[in-house]
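# Structure assessment
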Amino acid sequence: MQPWHCVLLIVLTLSLFFYGVYYQEIKEESQAPLTLSYEDDFSEPDPEVPKGSEVPDKESALEKLAESNNWAEHRVLLVVENGTPNLTSLHSDALESPDFLLQLTALLSQNPTAKEMILSPFQSNAFKQNESQIIRALFSTRKSDRRRDGIYLVCRGHSIKSSRLLTNTVMQAYRLATLEESLERPLIFRFQKYRQKIGVLEQRKLELVEQIQQSASIAKGANIEEIALQSELIETSKELAMLNETLSRIDSIHKKDPSPLALLEVERIAKYQNLPELIAMTSQLRKILGNQDTDSFVRKEVSRNLDSTMSKIVREIAGAITQLKSETKEGLKRKEVLEERMIEMRASEDSYVKSSPKYSLLERLNEEIRSQKEIYQSNFSEWKRAKNTFRFEEIEILKQEK
C-alpha cells in the first residue's frame, strides 16, 4: 500500500466519525421535545457550583419563568359594570390572593389531565415540589388602557392549547371562589388581615369578660333576673363543653380514618335527621344483594339504590357536622352576650365592678371592635358590589408560541 493510500484512509475515517457525531446531535435535537427550551433555563443548579456563582435559585428562576417570551399567552377582559379603577383593582387583589391560588390548585388537582397539560413542560427537577409557585407564575392581571371599568387576566402556557385551557380554568375557579366566599372567610388577603385582627380582639374580649364575670360574685341580694342569667350561663357553658367534646372526637376519628362513614361512631351524627332510616335501608339493600337467588335485574336496581343511599348518607354526615359547628358558634355568641349582660347588671349595682381597670379595658375593647368591624364591613360592601357585577369578555390570543 502506498503512503498516500494510508493518508487517504485516515482522512476518510475521521470524516465518517465527525459526520456520525454531527448526525447524532442533529437527530437528538430533532427528537427532543420543545419543552427543553424552557427546562434548560430553569433546571436545578449544579451541586458542584459554589454558592457565590451566578446560578439562579428557584425564586429567580420563577421570575424568569414569568418573564419568558417563549410561550403563548391568552388574555380576557374582566369588566365590572359601572365600575371604577378602585373596584376593578379589588378583582386584581382577589385573583392574586394566596387563597385563590389554593382554590385554583385544588380545582386543577381534580382534573389531572388538564393539570398535566398545563404544568408538565415546566416541572423540571427544580419545580417538582412547587406546583403552586409555577401556577402563580403562569397567570397575572394587567390594567386596561382602554377601559376604566376593566382589567386583563393574562394566562401563559407552552402552547396555545394549554394557555387557553389555563385561562378557562382560572375563570371557572374564580367564579366559584367569588360565590363561595363570605364575610367570615374573605377571598382578598388584606380582608383576611382585618378578620384576623377582629378575631384577636374578640378573643381578648371573651377572656376579659370571663375574668370579670368570675371575679364578681353574685351579691346576697341578687334579683331574680341576675339569678336567671347565671343559671342560663351555666347551662350554656355545659352545652358548649359537650359540643367541643363532640367536635374533638370527630377530628380524632377523621385523622385515623378519613372515610365519612367512620364518623357514624359519633352518636350526635348517627342520630342526625334521616341518618337512622338511611343506615337501616343500606342494611336491607345489602341483605338483598347478599342473596344469590336474586334476579340480575333486581340486583342491578338494588345496587343503584344502594349507591344513591350511600351518597345521601355522606351528605347527611356533612350536614350534621355543619350543624354542630353552627351550634357551637351560636353557643359562644350566646355565652358572650350572657356574660356581658351579667357584667352590666353588676356594674350598675356594684361601683367596685364599674371602677375596675378590667371593666374600663372591656369598654375600650368593645369600641375598638366596633370601629374595626365598621371599617371591614364598609370595605367588604364595596368588594361585594364589585364581584356581583363582573363578567369575563371574549378570550383573545395575545401572543403565539415561538
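One can find the structure itself at the top, above this paragraph.
Residues numbered from 1 in each chain as written. Predicted model: local features only at pLDDT ≥ 70, side-chain atom pairs only at ≥ 80, totals over all residues. Heavy atoms only, no water.

### Section: the side chain of Glu 316
Applicable threshold: Helix and strand definitions here come from DSSP, where helices need a minimum of 4 consecutive H or I residues and strands a minimum of 2 consecutive E residues; each element is numbered from the N-terminal end. A 1.4 Å probe rolled over the protein chains alone gives each residue an accessible area, and that area as a share of the maximum for its type sets the label: buried under 20%, exposed over 50%, partly exposed in between. Neither His nor the chain ends contribute to the count of charged residues, in which Lys and Arg are positive and Asp and Glu negative. Salt bridge, as used here, is a side-chain nitrogen of Lys or Arg placed within 4 Å of a carboxyl oxygen of Asp or Glu. Any two residues whose heavy atoms approach within 4.5 Å are treated as being in contact.
Relative to the assigned elements, Glu 316 resides in helix α13 (residues 296-349). The side chain of Glu 316 sits in the buried core without any salt bridge; Arg 315 is the nearest counter-charge, 6.8 Å away. For Glu 316, the residues in contact, after removing those within four places along its chain, are Tyr 272, Gln 273, Asn 274, Leu 275 and Leu 278.

### Quick notes on the pairing of strand β3 (residues 150-157)
What counts here: Whether two strands pair depends on DSSP finding at least two bridges between them.
Of all eight residues that make up β3, eight are buried, and the element is covered over most of its length. Burial along β3 is two-sided: the face carrying Gly 150, Tyr 152, Val 154 and Arg 156 and the face carrying Ile 151, Leu 153, Cys 155 and Gly 157 are both buried. Across eight bridges, strand β1 (residues 72-80) lies against β3 in antiparallel orientation. In the strand pairing of β3, His 74 is matched with Cys 155. Where strand β2 (residues 139-143) lies against β3, five bridges are found, and the strand directions are antiparallel. The residue bridging Thr 141 from the neighbouring strand is Leu 153, located in β3.

### What to know about the packing of helix α4 (residues 85-95) against helix α15 (residues 357-388)
Applied cut-off: Here an angle of 0 to 180 degrees is reported between the N-to-C directions of two axes, which are lines fitted to C-alpha atoms, with helices fitted over the stretch in contact. Under this scheme an angle from 65 to 115 degrees is roughly perpendicular, one under 35 degrees roughly parallel, and one over 145 degrees roughly antiparallel; angles in between are oblique.
As a packed pair, α4 and α15 sit with axes 9 Å apart at the nearest point and diverge in direction by 85 degrees. When the interaxial angle is binned, α4 and α15 end up roughly perpendicular. Counting all contacts with α4, which are made through Asn 86, Leu 87, Leu 90, His 91 and Ala 94, the residues of α15 involved are Glu 382, Trp 383, Arg 385, Ala 386 and Lys 387.

### Here's the deal with the layout of surface pockets
Inclusion rule: Only protein atoms enter the calculation, which uses a 1 Å grid: trapped sets of points that fit a 1.4 Å probe without letting it out are cavities, open sets showing protein on both sides within 12 Å along at least five of seven lines are pockets, and any residue with an atom within 4 Å of a point is a lining residue. Grid points are joined across faces, edges and corners, and a volume is the space filled by probe spheres set on the points. Residue polarity follows a fixed list, in which Ala, Val, Leu, Ile, Met, Phe, Trp, Tyr, Cys and Pro are nonpolar, Asp, Glu, Lys and Arg are charged, and the others, Gly among them, are polar.
The calculated volume of the largest pocket comes to roughly 680 Å³. Contributing elements (two or more residues each) for the lining of the largest pocket: α9 (189-215), α13 and α15. Residue composition of the lining of the largest pocket, by class: six nonpolar, four polar and ten charged.

### A look at the side chain of Ser 162
Here is the rule we go by: Pairing of N or O atoms within 3.5 Å defines a polar contact, subject to two protein rules: one partner must be a possible hydrogen donor and the other a possible acceptor, and residues neighboring in sequence count only if both atoms are side-chain atoms.
Of note, Ser 162 is situated in helix α8 (residues 160-180). The exposure class of Ser 162 is buried, given its relative accessible area of 1%. Within the structure, the side chain of Ser 162 is placed 3.1 Å from the backbone oxygen of Ser 159, a separation counted as a polar contact. For Ser 162, the contacting residues outside a window of four places in its chain are Met 117, Ile 118 and Gly 157.

### Some thoughts on the environment of Glu 339
Secondary-structure assignment places Glu 339 in helix α13. C-alpha separation for the pair Glu 339 and Ile 212, spaced 127 residues apart in sequence, amounts to 8.9 Å.

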